[in-house]
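# Results of the structural survey
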Amino acid sequence: MKKVLLGLFTLTLVLVLAACGGGSKDDASSDKGTTLVIGASNSPHAVILEKAKPILAKKGINLDIKKYTDYVMPNVALDEGDLDANYFQTIPYMELEMKEKGYKFVNMGGIHIEPMGIYSKKYKSLDDLPKNAEVIMSNSKSDWPRVLGILADAGVIKLKDGVKRQDVTFDDITENPKNIKFKYDVDAGYLMTAYNNEEGDVVAINSNFVVDQGMNPKNDAIAIEKTDSPYVNVIAVDEKNKDNKDIKELVKVLQSKEIQDFITKEWKGAVVPVSK
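Residues numbered from 1 in each chain as written. Predicted model: local features only at pLDDT ≥ 70, side-chain atom pairs only at ≥ 80, totals over all residues. Heavy atoms only, no water.

## Focus on the overall build of the protein
Summing up its helical and strand segments, the protein has 11 helices and 13 strands in all. Counting the 276 residues in the protein, one finds 47% classified as buried. Carbon and sulfur atoms make up 51% of the accessible area of the protein, which amounts to about 14500 Å² in all. (Helix = DSSP H or I, 4+ residues; strand = E, 2+ residues; numbered from the N terminus. Buried < 20%, exposed > 50% of the residue type's maximum accessible area, 1.4 Å probe, protein only. Areas by Shrake-Rupley, 256 points an atom, 1.4 Å probe, with all protein chains shown as cover.)

Structure representation (structure tokens):
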């Protein structure tokens, strides 16, 4: 009798240990899955990531998307290790942030361009701007060359020859026949409010804020940046994560034809996909 009981006890123990330590194939595969915490602007960045989410899930990569409405905290969070990557900023902006704040970030790949637009409820064209008109723009230095470039392309101002467009400063304005005034101390998140309140004569606004309000930069801007802009929105990581295979896979999916076609269809030229 004792031998029978001992045998039953041994069999039960083996089954319990197997149940605790083995698991099903589904459980084993889920254990291999990883989660990437990525910070992004609401639109179009977070929308694009949501589209890529099920594709990545099939590859065992889960996305935890943290949304931000400003351009400061996503880099703070990345630097402090609260994010694995972020997706909201252009290359010139990232380079300026690294220079000024000592961040050590790496560009893992470009995903799209959001052409900067100039908006007005008072005028339908930059040609209509009066003398001493005020242009409102963000306090981000990386945006200033973009705005000056749009104005130069429209013939409102002239810029010094031989200076790269992304390096242009106010000192490079050689002609300003309408004596345009520049207000550049406004937080980027306030620009839509300035536009809606009809502050200034025109407002230069980053496209993510515009599409977030249901507007289309291609249709609603009175002037828009050319699509050969160097201001590509990228996936950025801390340099210690530059070899992370899951982040590389994230970039590969975001640069895939499926996601690029989605961007083109969803925003109809207001957001332009890139693949490098």
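## So, the packing of aromatic side chains
Under the criterion given, the structure shown has 11 aromatic pairs. On the numbers, 6.0 Å between centres and 70° between planes, the contact of tyrosine 119 with tyrosine 195 is edge-to-face. One end of the pair, tyrosine 119, is in strand S5 (residues 117–119); the other, tyrosine 195, is in helix H7 (residues 191–196), with 76 residues separating them in the sequence. Comparing tyrosine 119 with tyrosine 195 shows no difference in burial state: the two are buried. (Phe/Tyr/Trp six-rings, centres within 6.5 Å; stacked < 30°, edge-to-face > 60°.)

## Some remarks on the pairing of strand S12 (residues 232–238)
Here S12 lies mainly inside the structure; 7 of its 7 residues are buried. Pairing geometry for strand S3 (residues 85–90) and S12, over 3 bridges, is antiparallel. Bridging across to S12, tyrosine 87 finds its partner in isoleucine 235. As paired elements, strand S4 (residues 105–113) and S12 share 7 bridges and run antiparallel to each other. Paired with asparagine 107 across the strands is alanine 236, a residue of S12. (Pairing = 2+ DSSP bridges.)

## As for the confidence of the model for the protein
Of all residues in the protein, 88% have pLDDT values of 70 or greater, and the mean over the chain is 89. In the model, residues 1–31 has pLDDT below 50 throughout and makes 2 contacts with residues more than four positions away in sequence or in other chains. (pLDDT = per-residue confidence, 0-100. Contact = heavy atoms within 4.5 Å.)

## Let's talk about the pairing of strand S1 (residues 34–41)
Extensive coverage of S1 is indicated by the burial of 6 of its 8 residues. Bridging between S1 and strand S2 (residues 61–68) involves 8 bridges; their strand directions are parallel. Looking at S2, one finds that glycine 39 is bridged to lysine 66. After leaving S1, the chain enters helix H3 (residues 42–57) and then returns to the sheet as S2, a path that is right-handed. Where S1 lies against S3, 3 bridges are found, and the strand directions are parallel. By the bridge assignment, isoleucine 38 is partnered in S3 with alanine 85. (Right-handed = clockwise from strand over helix to strand, strands pointing away.)

## A short note on the nonpolar core
Core analysis: the biggest nonpolar cluster contains 30 residues, and Ile38, Leu49, Ile235, Leu250 and Leu254 have the highest contact counts within it. Of all the secondary structure elements, the ones that give two or more residues to this core are S1, H3, S2, S3, S4, S12, helix H10 (245–254) and helix H11 (257–267). Counting residues in each nonpolar core, the second largest holds 24 residues, with Ile118, Val156, Ile157 and Phe182 among its members. (Core = buried A, V, L, I, M, F, W, Y, C linked by side-chain atoms within 4.5 Å.)

## Quick notes on the sheet that holds S4
Strand order across the open sheet formed by 6 strands is S2-S1-S3-S12-S4-S13, with mixed pairing between neighbours. Taken across any chain shown, the strands that pair with only one partner, and hence form the sheet edges, are S2 and strand S13 (272–273).

## Description of H11
Along H11, the positions that sit buried rather than exposed are Ile259, Gln260, Phe262, Ile263 and Trp267. Along the axis of H11, the buried positions cluster into a sector of 155°, meaning they face one direction only. Summarising the geometry of H11, the exposed residues directed more than 90 degrees from the buried face are Lys257 and Lys265. In this structure, the buried side of H11 is in contact with H3, helix H8 (207–212), H10 and S13. Of the residues one or two after H11, lysine 268 is the one with positive phi, at around 50°. (Arc of directions from axis to C-beta.)

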